[in-house]
Number of protein chains: 2
Amino acid sequence: MIYFDNAATSFPKAPFVAENVFNYLKTSCSNVGRASYSNAIEISRTVFQARENIRKLLNADKSDRVIFTNNATHALNMAIHGLVKENDHVVTTHFEHNSVLRPLEYLRRTRNIKVSYTAYDEDYFPELTDFENLLKQKPQVAVFTACSNVTGNIMPFKEMVDRCREYGVISILDASQLMGSYPLDLQDVKADVVCSSGHKGLLGPTGTGVMVLNSETIPEAFLTGGTGSNSESIKHPEIMPDMFEAGTPNTTGIVGLNTSLEFILDIGINVIRKHKIALIKHFIECLDNLENTIIHSCLNVQKQAGVFSLTPANMSITELIGILDEKEIASRMGLHCAPLAHKALGTFDQGGTIRVSLGFFNTFEEIDELFAVLKHYDC
Amino acid sequence: MIYFDNAATSFPKAPFVAENVFNYLKTSCSNVGRASYSNAIEISRTVFQARENIRKLLNADKSDRVIFTNNATHALNMAIHGLVKENDHVVTTHFEHNSVLRPLEYLRRTRNIKVSYTAYDEDYFPELTDFENLLKQKPQVAVFTACSNVTGNIMPFKEMVDRCREYGVISILDASQLMGSYPLDLQDVKADVVCSSGHKGLLGPTGTGVMVLNSETIPEAFLTGGTGSNSESIKHPEIMPDMFEAGTPNTTGIVGLNTSLEFILDIGINVIRKHKIALIKHFIECLDNLENTIIHSCLNVQKQAGVFSLTPANMSITELIGILDEKEIASRMGLHCAPLAHKALGTFDQGGTIRVSLGFFNTFEEIDELFAVLKHYDC
């Protein structure tokens, strides 16, 4: 199989992820932070290392502000529900995943919040002027993606975060499509909260995600319960990271995530981005040779994360996905949980696009094979 | 190491859990329910099987009412937040884990709910008469554990559920300490919602839990986001199980959980309980020989799940846990995230107890080794 569905989850995972998860389950699976026997201490140490590795990767201040979650949706729900209050005004964009759109829509219906969507330009990037105009209306919170999961467009998120700080608006950044494959320095990008899955660019197992608190703006707790700390009180603790990690953590997943983080830190995020850029360049060159395909993604390499949305002009997307499945080329047809993005692109009524998303382990040859198929079917 | 911390998480896991998780991560890790290529279909099938296996184990009606969560805390938060409304009255017990107590306390402070705690008898079981009297006050919801994680006492949960139905009160059952090691028939125990972790008696990996909806009483959605279904709408879907499974599921964990469920179904839950009873009987016989130990757990085998809380009379619990750690016998000192249970037992001020919790894979010899140490130190 040729795997081009890395925007959904990366495959393969980093080397030794499977092996280390296996060893943990086989030899030392125990709970974390709640006991004193040696295995329990060992896994507590691994979880701490994983936090520290996220901190290093993002150049964040404190590892105890790195919260492990089940996935990015869990992280974004915690951030949004924990920061948006009744009657608040929230600014967002059309290019958000349903993990942002649906919590906001839920709060709009149940807590009377107002949601404003930033206008976008002809290349499907949010317009900074409009964003700034919305911020002038004094919203409480802005939530926006660093990179579209439909087009792969890398948004002007640094500028958006800066504007939020300028206008005193809390910013929540969804970095699910960039974390682990693009340099993200939280000393420079001063979003209040940064969320991501752990199984996409971070190359860890499904069942992992992170919420990183990057300022003194702390959400209210969302999920409450046992944390192994302050167990004497039925009031949920407010110490970090326990406040946001109620219940037995997914230590199995975190062991895998820690392994992939070590891999990413060893190679270096700039090397990873450089390699990805080479793949993206090659992909764009190949796209040039297609005659009957509409491309919805930005083709400026510097603004592209390696997620390409395509519409064949001579057949339906269902036909094309059937061909790709048969050739064992894994990609993704549909709306990609981002309906407003597809409305913006004008692809909503056709049921979306074919999305081809590149990962660190893809090769030039795999890209060539894909395009050989596309050419063969006159795309 | 001798492992007696099964009430926290079971170890070892069921055979082939580690192997199948390894194979999934190594060869076919892909997202679920959102694509059409063969690996994506394969994992969707495994997740469906896991749901069906939970349904079988519990004799539940519908597998689409089996919701996978990150842990029991996640399941209980979804059930409690989704069913308890502002100003509601909720009945619970002193023997709940913080995963129940803390969400209730949170709602008491923020949504003005009233929480009533059922009186308990001298053996630390909730008093059914008092429970019934509380139900007569017409509370909206009752949340209670099937088995204490501190004493191992198997509560009269069937009777409590029946009383709830009689009085028209919604019931949420925390079965974390029983599911997978005790027969639980949801045609007989008609709780509206049943929650459990997947990594204790169910012998699956950490990072797994379940919420089973066992009636037409459906909680409101708590976490919202992408589900791969109804992607055209920013309104969260109300179809099952998607409504409660926003974001990429922990497929890695579910592969492991499905493996352990097959193991449990193969052996049969009655055989597992029978074996556990044999271990519990042996443990209780050994307890008889201790002269300087206070035992807080019920010693009626039929009412005991294999979780024993002990206080040494001749040394502190800290000293004893030090000895056990040194001998590589894993147990757990403290309040076990259940402060009110320890207040009831009178062990709160001493910082809790030593908890020894048996699992399906423990042996008579391991129990003998533990008691040899306890005898040696004159416990």
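Residues numbered from 1 in each chain as written. Chains lettered and ligands numbered in written order. Predicted model: local features only at pLDDT ≥ 70, side-chain atom pairs only at ≥ 80, totals over all residues. Heavy atoms only, no water.

Things to note about the confidence of the model for chain A
At step 1: For chain A, per-residue confidence averages 96 on the pLDDT scale, and residues scoring 70 or more make up 99% of the total.
At step 2: In the model output, the complex is listed with pTM 0.97 alongside ipTM 0.96. (pLDDT = per-residue confidence, 0-100.)

What about the interface of chain B and chain A?
At step 1: With 82 residues of chain B at the contact, the number on the chain A side is 82 residues.
At step 2: Note on chain B versus chain A: buried area summed over both sides is about 6,400 Å², and carbon and sulfur give 57% of it.
At step 3: The largest contributions to the chain B side of the interface with chain A come from Y37, R102 and I234 of chain B, which together make up 13% of the buried area.
At step 4: Linking chain B with chain A are two salt bridges, by the criterion used here.
At step 5: Summed over the shared surface of chain B and chain A, the result is 24 residue pairs in polar contact (both at pLDDT 80 or more). (Contact = heavy atoms within 4.5 Å. Buried area = accessible area lost by both parts, 1.4 Å probe. Salt bridge = Lys/Arg side-chain N within 4 Å of Asp/Glu carboxyl O. Polar contact = N/O pair within 3.5 Å; in protein donor to acceptor, adjacent residues only side chain to side chain.)

Looking at the sheet that holds strand β2 (residues 66-69) of chain B
Residue and element names in this part refer to chain B.
At step 1: Reading across from one edge, β2-β8-β7-β6-β5-β3-β4 is the order of the seven strands in this open sheet, with mixed pairing throughout. Only two strands of the sheet have a single partner each, and these edge strands are β2 and β4 (114-118). Recorded for the sheet is a direction-independent mean angle of 20° between the axes of neighbouring strands.
At step 2: Both strand β3 (residues 89-93) and strand β5 (residues 141-145) contribute to a ladder of two bridges, which runs parallel. Following the sheet pairing, V90 is matched in β5 by V141. (Pairing = 2+ DSSP bridges. Helix = DSSP H or I, 4+ residues; strand = E, 2+ residues; numbered from the N terminus. Axes fitted to C-alpha atoms, helices over the stretch in contact; angles between N-to-C directions.)

Observations concerning the packing of aromatic side chains
At step 1: In this structure the tally under the stated criterion is 22 aromatic pairs over all chains.
At step 2: Between the aromatic rings of F283 of chain A and F308 of chain A, the centroid separation amounts to 4.2 Å while the plane-to-plane angle is 15°, which identifies the pairing as stacked. Taken together, the residues F283 of chain A in helix α8 (residues 269-288) and F308 of chain A in strand β10 (residues 307-312) connect sequence positions 25 residues apart. The same class applies to F283 of chain A and to F308 of chain A, which are both buried.
At step 3: On the basis of an interplanar angle of 70° and a centroid distance of 6.4 Å, the ring pair of F157 of chain B and Y182 of chain B is categorised as edge-to-face. Linking F157 of chain B in helix α6 (residues 157-167) with Y182 of chain B in the loop between β6 (170-174) and β7 (193-197), this pair joins segments that are 25 residues apart in sequence.
At step 4: Looking at F157 of chain B, the relative accessible area reads 6%, which means it is buried.
At step 5: Among the aromatic residues, those joined into a ring-pair cluster are F95, Y120 and Y124 of chain A.
At step 6: Lying over the aromatic face of F125 of chain A, K303 of chain A brings its terminal NZ or CZ to 5.3 Å of the ring centre.
At step 7: The ring of F348 of chain B is capped by K343 of chain B, whose NZ or CZ atom sits 4.6 Å from the centre of that ring. (Phe/Tyr/Trp six-rings, centres within 6.5 Å; stacked < 30°, edge-to-face > 60°. Buried < 20%, exposed > 50% of the residue type's maximum accessible area, 1.4 Å probe, protein only. Lys NZ or Arg CZ within 6 Å of the ring centre and 35° of its normal.)

Quick notes on the side chain of T311 of chain B
All names here are of chain B.
At step 1: With respect to the helices and strands, T311 occurs in strand β10 (residues 307-312).
At step 2: You can call T311 buried: its relative accessible area is 7%.
At step 3: Polar contacts involving the side chain of T311 include one to the side chain of H296, which spans 2.5 Å.
At step 4: Sequence-distant contacts of T311, that is, excluding residues within four places in its chain, are made with N292, T293, I294, H296, T347, Q350 and T353.

Quick notes on the pattern of salt bridges
At step 1: Within the structure shown, the criterion is met by 23 salt bridges over all chains.
At step 2: E238 of chain B is paired through a salt bridge with K235 of chain B; the nearest N and O atoms lie 3.4 Å apart.
At step 3: Under the relative-accessibility criterion, E238 of chain B is labelled exposed at 57%.
At step 4: With a relative accessible area of 33%, K235 of chain B lands in the partly exposed category.
At step 5: Within this structure, D5, R332 and R355 of chain A form a network of salt bridges that share partners.

Digging into the relation of the copies chain B and chain A
At step 1: When chain B is brought onto chain A, the operation consists of a screw motion whose angular component is 180° and whose axial shift is 0.0 Å, with 0.0 Å RMSD remaining. Expressed as an axis order, the relation between the two copies is that of a two-fold axis. Within chain B, F22 of chain B has its C-alpha nearest the rotation axis, a separation of 2.8 Å.
At step 2: A symmetric contact is evident, with 100% of the interface residues of chain B recurring at the interface of chain A. (Least-squares fit on C-alpha atoms with pLDDT ≥ 70 in both.)

Observations concerning the sheet that holds strand β9 (residues 293-295) of chain A
Residues and elements named next belong to chain A.
At step 1: The antiparallel open sheet is built from four strands, whose spatial order is β9-β10-β13-β12. Since the sheet does not close on itself, it has two edges, and those belong to β9 and β12 (332-334), each with one partner. With strand direction ignored, the average angle separating the axes of adjacent strands in the sheet is 30°.
At step 2: With three bridges connecting them, β9 and β10 associate as antiparallel partners. Bridging from a neighbouring strand, I295 pairs with L310 of β10.

Section: the packing of helix α2 (residues 38-58) of chain B against helix α7 (residues 251-267) of chain B
Residue and element names in this part refer to chain B.
At step 1: It is the contact of α2 with α7, at a shortest axis distance of 9 Å, that shows an interaxial angle of 40°. Taken as axis vectors, α2 and α7 run oblique relative to one another. Crossing handedness for the pair α2 and α7: left-handed. Across from I43, T46, V47, Q49, A50, N53, I54, K56 and L57 in α2, the residues of α7 making contact are T251, I254, V255, N258, L261, E262, I264 and L265.
At step 2: Partitioning the contact of α2 with α7 into residue classes produces ten nonpolar, five polar and two charged. (Parallel < 35°, antiparallel > 145°, perpendicular 65-115°, else oblique. Left-handed = near helix turned anticlockwise from the far one by under 90°. Nonpolar A, V, L, I, M, F, W, Y, C, P; charged D, E, K, R; others polar.)

Observations regarding unusual backbone geometry
All names here are of chain A.
At step 1: Each neighbour pair has its own omega, and for M240 with P241 the value is -5°, a cis peptide bond.
At step 2: Mapping P241 onto the fold places it in the loop between β8 (209-213) and α7 (251-267).
At step 3: Phi angles above zero are rare outside glycine, and N87 is one such case at about 70°.
At step 4: Tracing the backbone shows N87 in the loop between α3 (72-83) and β3 (89-93).

A few points about the packing of helix α1 (residues 17-28) of chain A against α7 of chain A
Residue and element names in this part refer to chain A.
At step 1: One can describe the packing of α1 onto α7 by two numbers: an axis separation of 8 Å at closest approach and a directional angle of 145°. The element α1 and its partner α7 pack so that their crossing is right-handed. Contacts from V17, N20, V21, Y24 and L25 in α1 reach T251, T252, V255, G256, T259 and S260 in α7.
At step 2: Classifying every residue of the contact of α1 with α7 by side-chain character gives five nonpolar, six polar and no charged.

Observations concerning the environment of E86 of chain B
At step 1: Of note, E86 of chain B is situated in the loop between α3 (72-83) and β3.
At step 2: Considered as a pair, E86 of chain B and F157 of chain B are 71 residues apart in the sequence and their alpha carbons are 26 Å apart.

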